[in-house]
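As a plain string of letters, each chain reads:
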Amino acid sequence: MSNKFDVIVIGGGPGGYVAAIRAAQLGLKTACIEKWLDKDNNPKLGGTCLNVGCIPSKALLDSSHKYHDAKEEFSVHGIGIDGVSMDVNAMIDRKDKIVNQLTGGIAGLFKANGVTSFEGFGKLLSNKKVEFTAHDGSVETFEADNVILATGSVPVNIPPAPRTGDIIVDNEGALDFREVPKRLGVIGAGVIGLELGSVWKRLGSEVVVLEAQDQFLSLCDQDLAKEAAKIFKKQGLDIRVGARVTGSEIKGEEVEVTYLDAKGEEQKQTFDKLIVAVGRKPFTDGCLAADSGVNLDERGFVFVDEQCRTNVPGVFAIGDIVRGPMLAHKASEEGVMVADIIAGHKAQMNYDCIPSVIYTHPELAWVGKNEQQLKAEGVNFKVGKFPFAASGRAMAANDTDGFVKILACEETDRILGCHIIGGHAADLIAQAVIAMEFGSTAEDIALTVFAHPTVSEAVHEAALAVDGHAIHIA
Ligand code: FAD
């Protein structure tokens, strides 16, 4: 086999593997290098998302939600079940099975599309050469007309709470507990901390979430954040904002965490497990030879333009290693865009329309600008809001927490943002994404016919509410 390719992708996560498949579909001779080995040393495609991120976390969120429903909610529907129990090992094994099925599926897609898969470490050299070190230590050098860097991200460590692998863990460890910790600490009330905290809370852990920022979910519209704080409190998640962790000490089978509370007073709290979920950082260690010429920005991200070109012609970078939200769908769409550009097509991405989701229950989902941002930018806007408590379908499902909120331009009525907290928010937000992508006004949605009874009607009603014409709310 010749060692010259049209495209070499380094990294087989949702950015890299999607880019590789698209490039191959477009007739380009494509290779993808992936270094991931699972806990049994089996090579795996799919990156963080499939192995230790989006998919396994959602598998556990769904299992734990079903358990919680059976225990706490079924009786509302008149369903009585005695002795509901949770077999944590079975739950984790199910999660592993889904991960294996999906990661194996990518290997199949590579084969079907003619992507050459290399298992090992890739390093970009000068002149678009790539050094490949296989897992057995053998080294080869490949050449490519184009290289796509998609090496992803890794969890941030904090010195006061270094990972121990068993008691102090990151997302990877938290997805693999084989029993429910009695007392669980989570450092960081971001997306990952809240999702993983929810899983174990539903299964019976006492969960304390320590968040250094004074404002809860500062990344969200604060209306959503306030509603979420209220609901999570009712669920028993103990979220402490303004709590700065200063140290941790392993004491036998537990960990004592020291933190300064919002008043600056020192507090101590003991946990059986501690999840550190304080964010992720781009991973480029050893991936770029000194003379590769690729520039990083001041935060360690690979510096790229709007179309993911680095400063080196023919070298692109996508996903978590470049600016923008660290999200799988953003990485994948960048992969498609770059493959299209390499194949000579015109392609671009609309960075204003990338949805974000927190998969707690209720889910939080949003796209576009929030109220704080519009106010800071001095944009005049109108607000339409509709609560799920007024939705017949949400009532039928006994899932009435939350609301849909649409923000539209005061002058043009164009939708500027949509913010949803509620059951199915992750799926509902797609309606607003499509509307915004098409440059719709709130009136466009208001004039659209929605099926009845559906929770989607809340999106319709929120659009009607933008001009004060919601039907099912006074
Ligand atoms: P990655 O998925 O990190 O993949 C990079 C790949 O490159 C890895 O497989 C790595 O092994 C490989 N690699 C790195 N360097 C080299 C090298 N030199 N040679 C060969 N291979 C290399 N996002 C969502 O959109 N929705 C969610 O619900 C969601 N949930 C998440 C839950 C958790 C717990 C976590 C941790 C993340 C979650 N994310 C979610 C974020 C999502 O996983 C990332 O945004 C996404 O995986 C980024 O894709 P990527 O391809 O850029 O990088």
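Residues numbered from 1 in each chain as written. Predicted model: local features only at pLDDT ≥ 70, side-chain atom pairs only at ≥ 80, totals over all residues.

Per an unreviewed UniProt entry, the chain is named Dihydrolipoyl dehydrogenase, and its organism is Marinomonas aquimarina. Listed in UniProt under the heading Sequence similarities (unreviewed entry), the comment for the chain reads: "Belongs to the class-I pyridine nucleotide-disulfide oxidoreductase family." Recorded in UniProt for the chain, the comment headed Subcellular location (unreviewed entry) runs: "Cytoplasm". (UniProt positions renumbered as here; feature names shortened; annotations may be inferred.)

Q: Any details on the overall build of the chain? Residues and values, ideally.
A: The helix and strand tally for the chain stands at 13 helices and 21 strands. Computed over the C-alpha atoms, the radius of gyration of the chain is 24 Å, within 12% of the 23 Å expected from 2.2 N^0.38 for a compact globule of 474 residues. Seen through its C-alpha atoms, the chain measures out along the principal axes to roughly 70 × 60 × 45 Å. Per-residue burial over the chain gives 45% buried out of 474 residues. Taking the intrachain contacts of the chain between residues at least 6 apart in sequence as the baseline, contacts between residues at least 24 apart amount to 65%. (Helix = DSSP H or I, 4+ residues; strand = E, 2+ residues; numbered from the N terminus. Rg over C-alpha atoms; globule rule 2.2 N^0.38 Å. Buried ≥ 20, exposed ≤ 12 C-beta atoms within 10 Å, placed from the backbone. Contact = placed C-beta atoms within 7 Å.)

Q: Please provide a residue-by-residue account of the site of the ligand, values included.
A: The full set close to the ligand counts 35 residues, and G11, G13, G47, G152 and G319 are the nearest of them. Secondary structure elements with two or more residues in the shell around the ligand: β2 (30-34), α2 (47-52), α3 (54-73), β3 (116-124) and α8 (328-342). Partitioned by chemical class, the residues of the shell around the ligand number 16 nonpolar, 16 polar and three charged. (Near = placed C-beta within 6 Å. Nonpolar A, V, L, I, M, F, W, Y, C, P; charged D, E, K, R; others polar.)

Q: Tell me what's going on with the sheet that holds strand β18 (residues 363-368), and back it up with residues and numbers.
A: Two modes of strand pairing occur in sheets, parallel and antiparallel, and in both the strands are linked by backbone hydrogen bonds. Pairing within the open sheet is antiparallel, and its five strands lie in the order β17-β18-β21-β20-β19. Edge positions in the open sheet fall to β17 (356-358) and β19 (381-387), since each of these has one partner strand only. If you compare each strand with its neighbour and ignore which way they point, the axes differ by 10° on average. The sheet contact formed by strand β20 (residues 403-409) and strand β21 (residues 415-422) spans six bridges and is antiparallel. Each bridged residue has a counterpart across the sheet, and for K405 the counterpart in β21 is H419. The sheet strands contacting helix α13 (residues 457-466) are β19 and β20, and the helix crosses β19 at an angle near 140°. (Pairing = 2+ DSSP bridges. Axes fitted to C-alpha atoms, helices over the stretch in contact; angles between N-to-C directions.)

Q: How would you sum up the domain arrangement of the chain? Please name residues and give values.
A: According to the domain assignment, the chain consists of domain 1 (4-155 + 281-343), domain 2 (168-278) and domain 3 (356-467). In this structure, domain 2 and domain 3 have C-alpha centres spaced 29 Å apart. Across the boundary between the two partners, domain 2 contributes twelve residues, which contact 15 residues of domain 3. Here the side of domain 2 that touches domain 3 takes six residues from helix α7 (residues 222-235), the largest share from any one element. (Domains from an automatic or database assignment.)

Q: Which residues make up the pairing of β20, and what are the values?
A: With respect to burial, β20 is a largely interior element, six of its seven residues being buried. Inspection of the sheet shows β19 paired to β20 by seven bridges, in the antiparallel sense. What sits directly across from F386, in β20, is V404. Hairpin connection, β20 to β21: the antiparallel pair is bridged by five residues, and D413 has positive phi, about 75°.

Q: Give a description of the UniProt feature "binding site: FAD" (unreviewed entry) in the chain that names residues and reports values.
A: The UniProt record annotates "binding site: FAD" (unreviewed entry) at K58, G122, T151, G152, S153, D320, M326, L327, A328 and H329. Look at the named residues: they lie 272 residues apart in sequence, and the longest C-alpha span between them is 29.8 Å, so in the fold they stay spread out. Relative to the elements of secondary structure, T151 occurs in the loop between β5 (139-149) and β6 (153-155). The contact partners of T151, leaving out residues within four places of it in the chain, are I10, G11, F283, T284, C287 and I321. Examined against the element boundaries, G152 turns out to sit in the loop between β5 and β6. With 26 C-beta atoms counted inside 10 Å, the residue G152 sits in the buried group.

Q: Please set out the UniProt feature "binding site: NAD(+)" (unreviewed entry) in the chain residue by residue, giving values where relevant.
A: In the numbering adopted here, UniProt assigns the feature "binding site: NAD(+)" (unreviewed entry) to G188, A189, G190, V191, I192, G193, L194, E195, E211 and G279. A maximum C-alpha distance of 14.2 Å among these annotated residues, which run over 92 residues, shows that they cluster at one spot. Within the secondary structure, G193 sits in helix α6 (residues 191-202). Leave out the neighbours within four places in its chain, and G193 touches V186, G188, V209, I275 and A277.

Q: If you had to explain α7 to someone new, which residues and values would you point to?
A: Taking 1.5 Å per residue as the helical rise, α7 with its 14 residues ought to reach 20 Å, and the 20 Å between its terminal C-alpha atoms agrees with that figure. Turning to α7, its buried residues number three or more, namely L224, E227, A228 and F232. Relative to the axis of α7, the buried residues are bounded by an arc of 130° and lie together on one face. Away from the buried face of α7 by more than 90 degrees, exposed residues K230, K233 and K234 are located. Residues of α7 that are buried in the fold lie against β10 (238-241), β18 and β21. Looking one or two residues past α7, G236 carries a phi angle of roughly 100°, positive in sign. (Expected span 1.5 Å × (residues − 1). Arc of directions from axis to C-beta.)

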